Structures are given as C-alpha cells and as structure tokens.
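Observations on chain architecture
What follows is the residue order along each chain.
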Amino acid sequence: MAILEVHNIYKNFGGNEILKNISFSLEKGQVVSIIGSSGSGKTTLLRCLNFLEQPDKGIIKVNNEILFNADDPKTQLESEIRKKRLHFGLVFQSFNLFPQYTALQNVMLAKELLAKELPDYKKHKTEIRKEIKTEAVRLLNQMGLSARINNYPHQLSGGQCQRVAIARSLALHPDILCFDEPTSALDPELTGEVLKVIKELAVQNTTMVIVTHEMAFAKEVSDHVIFMDNGCILEQGDPIQVFENAKEERTKNFLAHIH
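Residues numbered from 1 in each chain as written. Predicted model: local features only at pLDDT ≥ 70, side-chain atom pairs only at ≥ 80, totals over all residues. Heavy atoms only, no water.

Let us look at helix α3 (residues 103-115). Helix length check: α3, at 13 residues, gives a terminal C-alpha distance of 19 Å against a target of 18 Å (1.5 Å per residue), a fit within 8%. Maximal helix bending in α3 amounts to about 40°, located at L109. Every buried residue belonging to α3 is among A103, L104, N106, V107, M108, L109, E112 and A115, and all of these are buried. Elements in contact with the buried residues of α3: α4 (125-142) and α5 (158-170). (Helix = DSSP H or I, 4+ residues; strand = E, 2+ residues; numbered from the N terminus. Expected span 1.5 Å × (residues − 1). Bend = angle between axes of the 7 residues up to and from the residue. Buried < 20%, exposed > 50% of the residue type's maximum accessible area, 1.4 Å probe, protein only. Contact = heavy atoms within 4.5 Å.)

Right, dumping it as structure tokens:
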C-alpha cells in the first residue's frame, strides 16, 4: 500500500499556474527523485507536500489518511496542518539552521518544543530532555559529526551544516523525508559527502522525496523518477525507463542538455 498519495494537485500564484494536475504515489521505503529545469514547479510541489504552501485543488494522503483536501475546509485548519507537517521532514537547500544554537541544540530544538506540549512534561522534564539529547547525539554520530556536536553553524562547513539539517529532520521520525536540492549550495567535494549520507538513508529504507539536479545520483538512488516541465509531470517511471528510454522529446532534450 502506498505511504504517500498525491491526487490532482494544482497551485496558482496570482495568475500563474505553477502546478497543474500533479498525481503520483510512493511506497514505504522507496525513494522518488523529482527532476526538471528551474521553474518547472519542483520546489513548489515539495512545499505543498509539507504544507508550507496550500494547494488550490487536490488531495494529499499519508498512510491512507487524507491530510489535505482542497474541497474540505476542515483539513485546512492551521491547528490540523501543524500536526500533519510532522509526517514530513524537510531539508532545505540553504540549511536553515539557527545560528545561535550548536549542532546538538539545533537537532534537539523541535523535539523539545513538542515535548513541552505534553501534559506531564514538567513532572518528567529531566528524563524527557535526556532522552531527546541521547537521540540527537546518536543522529549526529550517524551523520559523522560526533566531533562537531558543540560547534555552531558558522564553525561548520556547508556539508556539515547540511548533515546537521538532515539529523534535525530525522529527529522527529517523519514518515517521509523531503530534500529540496540538498547539494545546490555546496561545492563538488562537499556535495559528495551529503549524497553519501542520503544513499546510506536509502539503504536503510528511509522513504524519501528528493528534488535534485544530480542526475547520476538520482539514477543510482531512486526507485521512481518524476520529470517535471512547466508545472506538469511530463514523464515518470523507474530510473532506467526515464534516463535511458524516455518517451517524451522534452525529457530527452533536458537529459541531453544536463549531460
């Protein structure tokens, strides 16, 4: 059964139609890569999945539960949307770490804020914080940052910052981890270290949606590839089908230009 189902999503900004009838699904443990030219709607689609933007039409389901239905105002209440964002982790291209916090504090912060809403938080504050810290340290170790947990973002390389951002997203145990061009702000050497981490997550069957310009990486790591053009899904399929046997002329031209 699909963990994520996206049905007929449309999104307009002013008079501009940015997303047009977007539909796809994703199985648990799969990786879907979204490729296409800048301005094709890839980032807007990710932002709609994470409820940072609200689609004008369409339905989004996770684990067969309707999280968003443009025709049902009850699914659009801010109080509901806030909870539903927890199904998704989002790693931005520009890291978005808090500069005043260490790597460890950045990873712990969201979980601590959620914990404070628990009815018995004050009673069990010490144990809860210890548990959150232990998990954050484990995740930073997994990212190869055990020696950097007390460093501030300005003391880290771009690749290290991005790995902190990945750990921060994983800390909330999302059903689906989303990446918005996670290497676009990095030089080639640092790009490699971040892609290595994402590949390791794929091996661990982490469910992921990745917007990327790294075609060799997308071909290697993906179970499913979506090619977007002008706000539409023009072509989708497994990596061999899209990269080696594309049917659409526009897909072929895009891949030829990238290579």
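Counting through the fold element by element, Q162 comes out in helix α5. Residue classification places Q162 among the buried positions, given a relative accessible area of 0%. Along the sequence, Q162 and Q204 sit 42 residues apart, while their C-alpha atoms lie 19 Å from each other. Residues within four places of Q162 in sequence aside, it is in contact with V91, F92, Q93, F95, P182 and V194.

It is worth spelling out the UniProt feature "domain: ABC transporter" (unreviewed entry) in the chain at this point. Per the UniProt record, "domain: ABC transporter" (unreviewed entry) is annotated on residues 4-255. Secondary structure across residues 4-255 comprises 38% helix and 25% strand; the distance between its end C-alpha atoms is 27 Å. (UniProt positions renumbered as here; feature names shortened; annotations may be inferred.)

Bringing the environment of E200 into the picture now. In this structure, E200 sits in helix α6 (residues 188-203). On the basis of relative accessible area, E200 is assigned to the partly exposed category, the value being 32%. Separated by 96 residues in the primary sequence, E200 and L104 have C-alpha atoms spaced 21 Å apart.

Another aspect to go through is the packing of aromatic side chains. Tallying each qualifying case throughout the model produces four aromatic pairs. Arranged with centres 6.5 Å apart and planes meeting at 45°, the rings of F51 and F68 form a pair that is tilted. In this pair, F51 is assigned in the loop between α1 (42-49) and β4 (57-62) and F68 in strand β5 (residues 65-69), connecting sequence segments 17 residues apart. For the residue pair F51 and F68, the accessibility class agrees, reading buried in each case. With centroids separated by 5.1 Å and ring planes inclined at 40°, the aromatic side chains of F227 and F254 adopt a geometry described as tilted. On the criterion of sequence distance, the pair formed by F227 in strand β9 (residues 224-229) and F254 in helix α9 (residues 249-258) is long-range, its members being 27 residues apart. Judged by its relative accessible area of 0%, F227 is buried. On the basis of relative accessible area, F254 is assigned to the buried category, the value being 5%. Members of the aromatic cluster, joined through ring pairs, are F51, F68 and F88. A cation over an aromatic ring shows up here: K57 above the ring of Y10, its NZ or CZ 4.8 Å from the ring centre. (Phe/Tyr/Trp six-rings, centres within 6.5 Å; stacked < 30°, edge-to-face > 60°. Lys NZ or Arg CZ within 6 Å of the ring centre and 35° of its normal.)

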